[in-house]
Every structure is written in C-alpha cells, then in structure tokens.
Amino acid sequence: MKALAQTYLLAGIVSLSLTGCGSDEKRTVTDFSEPETDLSAELEAEPYSDLKMFELKGPVKGCVKETFYDVDMGPDSLIVNDDEQVRRRTELYFDRTGNYVVSNSEKIERDAKGQITYWRDNRPNNPKTHPGMLRDTLRYTHVNNNVLQSSGMGEFAVTVYDNEGRIVGQYSEPDIDGTQMAAFNVYRIFDSYGNWTERLTVWTSQSAHGKPHVSYTLDRRDISYY
C-alpha cells in the first residue's frame, strides 16, 4: 500500500494510496481458478468495491504496476528510460469479492458503506526508528463518486475520477511550505476488461518561491484475473 500511497498521493498522489504492497509483503490469496459464479456481475453490482479505488474493474486477482520516472516527451515520441534505478514496482492483490488483501504490516478501516477510510503501514518509515514510530498513515474522505480526498504523510491531496472510474486529475499540497503538485493522466492502452495497462502522467510542480516545472511519468500494469 505504501506503493499506493506514494503513487497516488505524491506522484501518483493518492490513487489512492494504499501503497506499500511490495513483493516482500506477505499476503494470503486463495486461487479460485474456476469460480462457481460469474464474478463480473457481482463486482459491477458493488459500487464501493476496493477495485474502484484503484481504477480496476472485473474479477481482478492481482495488479503489478511499474512506474517509470525518467520519461521525456518529444514532439512525436515518448522516450522511457527503462533503468531499475528510475522505476518502481508495486503489487496489489484482491479477493474474489474485490476487497484489497492487506499484508501483515498493514491495517485498514472502513466506513458503513465498506469504503476504505484509513490505511496504516506498521513498519517504521525510518529503519533506525523503534517499530510503531513514524508509521505511514493515510485518511480518505469519499466526497462523492468522482472526488476522493486524502491526508497524511505530509500531504493533502484531491483525486478526481471520471464516470468510467479513471483518474483524470490530481492535486496535492504539503502540510507545510513545500511543493504543490498537479497531475493530468493520458490513458494509452487498455486490456479486454477495459482496465488500463499503460498511462502517461503529466506533472506540474511549483515550490513556494520557484518557477513551475513540468515532468512526465509512465505507468504500466500487468493485471491477473480470477
């Protein structure tokens, strides 16, 4: 989820952001290779499935996302530096009902509708700090079907979804003087379920006394289904 938080909150800004789901996190996901029922209909009928929070739909089992930070945009081309030093890998897993599968170090809370309202990673974000101190936490406010607010990790962020469940824009502001950031997404490739598998994000950032700066990131997702 830490990957989620930093991906949607800071530079991916919130999409929320449960984001510390790395491959080193232990989760338990039952492999239903032959589900007894059609999960697509069930998930479509669940308006507050966790899948929506992560821009996913359908019987999703897992989502592996790689974010590339060294991206250049030319007049007619997109140049991506595929160096391990400038990319990040995030893994998310879901059960058959579309609920996010937490790792041993994570805790989430939900409201009466089942929406995630709080996420915490019990691992200290400073390895030299005693466990339980300086933990990464995020709180979410589901304003409506199109707007999600989050706060924590030194940021306040607003994420805007379109009616298809895609994030069209994000804005974040630090709790103290720092860099304000806004993001606009361009979706490039989709799979047969309608989930995006490649997305270009255009970032604009500006510090309190600096000039606006434009940069680009590219996300690629490998999605597995039940």
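Report on the accompanying structure. (Residues numbered from 1 in each chain as written. Predicted model: local features only at pLDDT ≥ 70, side-chain atom pairs only at ≥ 80, totals over all residues. Heavy atoms only, no water.)

### Overview of the overall build of the protein chain
To keep it simple, the criterion reads: A run of H or I in DSSP becomes a helix once it reaches four residues, and a run of E becomes a strand once it reaches two; helices and strands are each numbered from the N terminus. Any residue under 20% of the maximum accessible area for its type is buried, any over 50% is exposed, and the rest in between are partly exposed; the area is computed with a 1.4 Å probe on protein chains only. Reported accessibility uses the Shrake-Rupley method at a 1.4 Å probe radius. Residues are deemed covered only where the shown protein chains occlude them.
Looking only at helices and strands, the protein chain has three helices and 13 strands in total. Across the 226 residues in the protein chain, those meeting the buried criterion constitute 41%. Carbon and sulfur atoms make up 48% of the accessible area of the protein chain, which totals about 11800 Å².

### Comments concerning the pairing of strand 10 (residues 167-174)
For clarity, the cut-off: In short, DSSP must find at least two bridges between two strands for them to pair.
Examined bridge by bridge, strand 9 (residues 155-161) and strand 10 share seven bridges and lie antiparallel to one another. Looking across to strand 10, one finds that valine 160 is bridged to glycine 169. Joining the antiparallel neighbours strand 9 and strand 10 is a turn of five residues, in which glycine 165 adopts a positive phi near 85°. Looking at chain direction, strand 10 and strand 11 (residues 179-190) are connected through four bridges and run antiparallel. If you follow tyrosine 171 over to strand 11, its bridge partner there is alanine 182. Joining the antiparallel neighbours strand 10 and strand 11 is a turn of four residues.

### Quick look at the environment of phenylalanine 190
Condition: Throughout, a residue-residue contact means that at least one pair of heavy atoms, one from each residue, lies within 4.5 Å.
Within the element layout of this structure, phenylalanine 190 appears in strand 11. Through-space distance from the C-alpha of phenylalanine 190 to that of arginine 221 is 9.7 Å; in sequence the pair is 31 residues apart. Setting aside its immediate chain neighbours within four residues, phenylalanine 190 contacts Arg166, Asn195, Trp196 and Thr197.

### Description of the pattern of salt bridges
Pairing is possible between side chains that carry opposite charge, provided their charged atoms lie close to one another. Just so we agree on the cut-off: What makes a salt bridge here is a side-chain nitrogen of Lys or Arg within 4 Å of a carboxyl oxygen of Asp or Glu, nothing more.
A full pass over the atoms with the stated rule returns nine salt bridges. Put simply, glutamate 55 and arginine 199 hold a salt bridge, and the shortest N to O gap is 2.7 Å. Of this pair, glutamate 55 sits in the loop between helix 3 (50-53) and strand 1 (60-68) while arginine 199 sits in strand 12 (residues 196-207), and the two are 144 residues apart along the sequence. For arginine 199, a relative accessible area of 2% translates into the label buried. In this structure, the salt-bridge partner of glutamate 66 is arginine 87, at a minimum N-O distance of 3.3 Å. On the criterion of sequence distance, the pair formed by glutamate 66 in strand 1 and arginine 87 in strand 4 (residues 87-93) is long-range, its members being 21 residues apart. Note on arginine 87: relative accessible area 25%, which makes it partly exposed. Residues joined in a network through salt bridges with shared partners are Glu55, Arg199 and Asp219.

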